[in-house]
Amino acid sequence: MPCRRSSRSEEVLDGIIFVVSDYRPQELDKKWQHKWAASRAFEVSVDPSRPKYYCLEMFAYPSGHAHVGHVRNYIIGDVMARTKRMRGFNVLHPFGWDAFGLPAENAAIKNGIHPEVSTRSNIAHMKGQLQRLGISYAWEREFATCDPEYYKWNQWLFIRMVEKGLAYRRKSSVNWCPVDNTVLANEQVVDGGCWRCGTPVEMRDLEQWCFRITAYADELLDATAALQGWPEKVLTMQKNWIGRSEGARVKFPVEHFPLGTDIEVFTTRIDTIFGATFVLLGPEHPLVATFAEKSPDPAGFRKKAQDFRLQDKAARLSGEIEKQGFNTGQWATNPFTNEPVPVWVANFVLGDYGTGAVMAVPAHDQRDFEFARKFSLPIRVVITPDGTPQSSDAMTEAAEAYGTLVDSGRYSGLPSADAQKQMIDVAKKHGIGEGTVQYRLKDWGISRQRYWGTPIPMIYCEKDGIVPVPDDQLPVELPTITQFTGRGDSPLAQVPEFVNVKCPKCGGPARRETDTMDTFVDSSWYFYRFADPRNNKMPFDPEAVKYWLPVDFYSGGVEHAILHLIYSRFFARVFRDIGLVDHSEPFTQLLTQGMVLKDGAVMSKSKGNVVDPDSMLQKYGADALRLYVMFVAPPEKEVEWSDSGLEGSFRFLARVWRLVDHWNETVAGEGIDSPDGCETLNPAERAMRRKTHDTIRRVTVDIEQRQQLNTAVSAMMELVNDLYAFSEQTLTGAPGRHAEEDVEHAGDVERRETICVVREALEALVRLLAPFVPHTAEEMWEMLGHAQPLAAATWPEFSADVARADEIVVPVQVNGKVRARLTVAAETSESDLERLALADPGVAAHTAGKTVKKVVVAKGRLVSIVVQ
RNA sequence: GCGAAAGUGGCGGAACUGGCAGACGCGCCAGACUUAGGAUCUGGUGGCCGUGAGGUCAUGCGAGUUCGAGUCUCGCCUUUCGCACCA
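The rules behind each value
- Residues numbered from 1 in each chain as written.
- Chains lettered and ligands numbered in written order.
- Predicted model: local features only at pLDDT ≥ 70, side-chain atom pairs only at ≥ 80, totals over all residues.
- Heavy atoms only, no water.
- Helix = DSSP H or I, 4+ residues; strand = E, 2+ residues; numbered from the N terminus.
- Expected span 1.5 Å × (residues − 1).
- Buried < 20%, exposed > 50% of the residue type's maximum accessible area, 1.4 Å probe, protein only.
- Phe/Tyr/Trp six-rings, centres within 6.5 Å; stacked < 30°, edge-to-face > 60°.
- Pairing = 2+ DSSP bridges.
- Axes fitted to C-alpha atoms, helices over the stretch in contact; angles between N-to-C directions.
- Salt bridge = Lys/Arg side-chain N within 4 Å of Asp/Glu carboxyl O.
- Contact = heavy atoms within 4.5 Å.
- pLDDT = per-residue confidence, 0-100.
- Core = buried A, V, L, I, M, F, W, Y, C linked by side-chain atoms within 4.5 Å.
- Parallel < 35°, antiparallel > 145°, perpendicular 65-115°, else oblique.
- Nonpolar A, V, L, I, M, F, W, Y, C, P; charged D, E, K, R; others polar.

A. Spotlight on helix H16 (residues 563-577). In this model, H16 (15 residues) spans 21 Å end to end at C-alpha, consistent with the 21 Å of a helix rising 1.5 Å per residue. Of all 15 residues in H16, 13 are buried, a share of seventy percent or more. After H16 finishes, the residue Gly579 shows a positive phi value of roughly 85°.

Quick look at the structure:
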């Protein structure tokens, strides 16, 4: 039964006395949340007879408390999910927890609480928060990545990747965060610092496991063209991250060294090679050590190179580094000019890009130019706009543009592009180089020297080498550790019963891998698991994934534009290539929601500016919060939190409530049906109906096509305003003014047509509101006499016929200024409009005594008259 | 430095394909109802001139295209974001 009361009451909330009519959202929240749970309203199963819709918000790291910034994303997703459900789709809307990670482990080091314990309790609390917001999740599919039933499949997949050569072990120079005591992937280094704590990263040489994401570099890049549902901004970031560049590798032989001692360089501008007057090595280049030995002061040489290495990433935090370098004393031969060129070591040459060495063309590369001027190295112009040779003396900066070659032997006179092709051919023919493609993207190092993650399922045997854990022994479970020391080595290495194991091949003594996986592995495929979360034979049933995937609507923060989203696209391809899925792109549409600011800053615990959703819920109920967050701005935009805005949303809901309360008994009466059955409607009734249908159209388009949820809300507000005005015109007076009498008088409305029109409007309104304010809408739906819950109702039908206006107002401009407004039949022809406009007295006043030069008529919109 | 996006009332924002700028909300002002109003309902609310009808200016600044520009083009300013020695 509806919890409806007819009298007002006073109540004290937060020390303030409110007089409320009837709207008690806190009661409604509980009532409907229980009903939805009891009826399993949002649980779904595969049903090929219905179109599916997979609506997903990025799952959460269980930090303990969700603030309104987090919650905004879940509400956006919920509006989409609830709308699509009412539109007839079989909607999968799951949620889970990205539960492994450093914060829990760091907390354990600090306060001794085991990560498992704190994580589980954080999850419980945050789940409660989301449930109190009424987000329509299929909770039965929930899982956490720290469940062995989940991470088992990380391990299973890892072994498949080892088998396919997509996971491999290598010693390499890695980014090391001295505070978090672990390795970071390149994607996790932001401005030279750790993405989590900002500490400048150090370089260390470590053995670690890598995923061969570069095998998919071209595909990941090319496929961005097909991702039409993604924001351009995110695609651009991914393209830049992959950083494909076409060029050539060319060998510069080192003089006075054995044949085959070459410095190989990568260049995108082989056309400038005749201007290559020196060669630069990065400090990490292998020949640096060799050259040091040949130098008069090997120790000093090595120290200078080492200094360059150390300064590298950290120094970038504080702006640009000055270009430094020193001469190795060695010479190499430019293979095109056959001239000797000096070899230098430079701090700005990256060791891990290309070949770690470059040919320097100071006339045509700004960095080389600055370097050459600083160290008085020769500058030779080999490209000019018109092919006329030039001196470098007057140059103040490098000329990087393409042009025509000069002073380049037999290539002189060729345009850059042609020269590049010919030079690459010649280089290849002589075995001194070849055309290649270089990427900025590097393989993804996933080993982490931490506890709270997925154990890497590998065993090291002296006899058999590196052996994967057999599938039937998965999962390799995390041992329970009681002491968290924070020492710099892998915590798992300190657990002998974990480390010591028999080799699966020979049965002899062996050691387990003690590193765990980067938690981005967990989040790279969780959306597949949701399709079949309890499968204990496979990561998921391919048939279930075939039905539900790809994700139709995915929303989350832009901060994942590269990391999570590129890894997920990579994993989709890995699953594809091991035959488990038949698509390549996991997310059809991506929405990057804007953050919620408080006092101009991103909410964070440390800044102390978090707005806690629970206190808002207590005061205004879930729906007011939901509505406010959707109304305040379009989803992508950053917004500033406003308490008074939230209060406005609460007032709106109370206003709708009073409206329904005012009319419900009348419209639920006998013989009240669709106005389609009514003989004739008077003009006011017709206008009211038109508004109803126009609102249906606007809200539907705003949600489904434009995803502009704020204007959908304002359209509904307009409808409510019109319904108030319409109620005023009926005999009853406005709702809310004399609540008692109005209810009595509502039955006095004489025209059955009026009641039919109101009924149609209210039923449409309540259903349009449902995705935004589901609890309030459910209750009002019940008040309107419906036994079936709104969660199972269908979306209101839009009728173009009803929405069509029969009369329109057409403004008339004279020399660009509006001078009159014509009220005419909607289908008035252009010639009639012109005639009516010229005849209008307001227009005539401005055309009198002048010549009409031109009349432009935009049918149904405007008439523009030019006079002189 | 390079690249992208955005600049609209006191505030958040709207304006869909170039066609009445400021929808909707917040705030503010007034009226009604009231012992009371911080509830509710109604009306008003960009600037300037005018008692008024009305006029006039106005979408960061400056030009341009057009009958008509917040919207398109060019230049500049500001802000935000991304990339930043990637050869």
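B. Looking closely at the packing of aromatic side chains. Tallied over the entire structure, the rule returns 53 aromatic pairs. With a centroid separation of 5.5 Å and an interplanar angle of 45°, the aromatic rings of Phe100 and Tyr151 are classed as tilted. Within this pair, whereas Phe100 is found in the loop between strand S4 (90-92) and helix H3 (102-111), its partner Tyr151 is found in helix H5 (residues 148-163), the two being separated by 51 residues in sequence. Seen in terms of ring centroids, Trp444 and Phe571 are 6.0 Å apart; in terms of plane orientation they differ by 55°. Their pairing is tilted. Here Trp444 is found in strand S19 (residues 444-445), whereas its partner Phe571 is found in helix H16, with 127 residues between them in sequence. Residue classification places Trp444 among the buried positions, given a relative accessible area of 0%. For Phe571, a relative accessible area of 0% translates into the label buried. By way of ring pairs, the aromatic residues Phe59, Phe143, Tyr150, Trp525, Tyr526, Phe527, Tyr528, Phe530, Phe540, Tyr554, Phe575 and Phe587 are connected into one cluster.

C. Examining the sheet that holds strand S23 (residues 500-502) more closely. Here we have four strands laid out as an open sheet, ordered S22-S21-S24-S23, and antiparallel in their pairing. The open sheet terminates on both sides in strands that have one partner only, identified here as strand S22 (465-468) and S23. The sheet shows a mean angle of 40° between the axes of neighbouring strands, direction not considered.

D. Spatial organisation of the pattern of salt bridges. Considering all chains together, one arrives at 46 salt bridges under this definition. Asp78 is the salt-bridge partner of Arg82, the closest N and O atoms lying 2.9 Å from each other. Within this pair, Arg82 and its partner Asp78 are both found in helix H2 (residues 68-86), separated by four residues, close to a single helical turn. Summarising the burial analysis for this pair, Arg82 and Asp78 share the class buried. The shortest N-O distance in the salt bridge between Lys127 and Glu142 comes to 2.8 Å. Pair noted here: Lys127 is in helix H4 (residues 115-132) and Glu142 is in the loop between H4 and H5, with a separation of 15 residues, a long-range link. Here Glu142 falls in the buried class, since its relative accessible area comes to 15%. Here the salt bridges do not stand alone but share partners, grouping Glu219, Arg569, Arg573, Arg576, Asp577 and Glu585 into one network.

E. Representation of the sheet that holds strand S12 (residues 278-281). Spatially, S13-S14-S12-S15 is the arrangement adopted by the four strands of the open sheet, whose pairing is mixed. Edge positions in the sheet fall to strand S13 (325-333) and strand S15 (357-360), since each has one partner strand and no second. Sheet twist, expressed as the average angle between the axes of neighbouring strands with direction ignored, equals 30°. Inspection of the sheet shows S13 paired to strand S14 (residues 340-346) by six bridges, in the antiparallel sense. In the sheet register, Asn327 faces S14, and the bridge partner there is Trp344. Along the sheet, helix H10 (residues 366-375) contacts S12, S13, S14 and S15; its crossing angle with S12, the most-contacted strand, is approximately 105°.

F. Expanded view of the pairing of S22. Strand direction decides the pairing type here: strand S21 (residues 458-461) and S22, joined by four bridges, are antiparallel. Directly across from Ile459, in S22, lies its bridge partner Val467. Remark: three residues form the turn of the hairpin made by S21 and S22, two consecutive strands paired antiparallel.

G. Quick look at the confidence of the model for chain A. Averaged over chain A, the pLDDT score is 88; the fraction of residues at 70 or greater is 93%. Every residue in residues 737-744 scores below 50 in pLDDT, and together they form 14 contacts with partners more than four places removed in sequence or on other chains. Among the prediction metrics, the complex's ipTM stands at 0.95, with pTM recorded as 0.91.

H. Representation of the nonpolar core in the model. Among the nonpolar cores identified, the biggest contains 191 residues, and Trp97, Phe211, Trp444, Tyr526, Tyr528, Trp641 and Phe772 are the most heavily contacted of them. Ignoring anything within four residues of it in the chain, the contact list for Tyr526 reads Leu56, Glu57, Met58, Phe59, Phe143, Tyr150, Tyr554 and His564. Listed in part, the 38 residues of the second largest apolar core include Val265, Leu287, Ala357 and Ala427.

I. Structural detail: unusual backbone geometry. The amide bond that connects Leu474 to the next residue, Pro475, takes the cis arrangement and shows omega of 0°. Phi at His256 is positive, roughly 60°, even though this residue is not glycine. Locating His256 in the fold gives a position in the loop between strand S10 (245-253) and strand S11 (262-267). Residue class for His256 comes out exposed when judged on its relative accessible area of 77%. The phi torsion at Ser376 lies on the positive side, around 55°, for a residue other than glycine. Looking at where Ser376 falls in the secondary structure, it is placed in the loop between H10 and strand S16 (383-384). Given the relative accessible area of 65%, Ser376 is considered exposed.

J. Main features of the packing of helix H18 (residues 622-631) against helix H24 (residues 774-783). The contact between H18 and H24 brings their axes to 7 Å, and the two run at 120°. Between H18 and H24, the crossing angle belongs to the class labelled oblique. Residue-level inspection shows Ala622, Asp623 and Arg626 of H18 in contact with H24, the latter providing Pro774, His775 and Thr776. Taken together, the residues that form the contact of H18 with H24 break down as two nonpolar, two polar and two charged.

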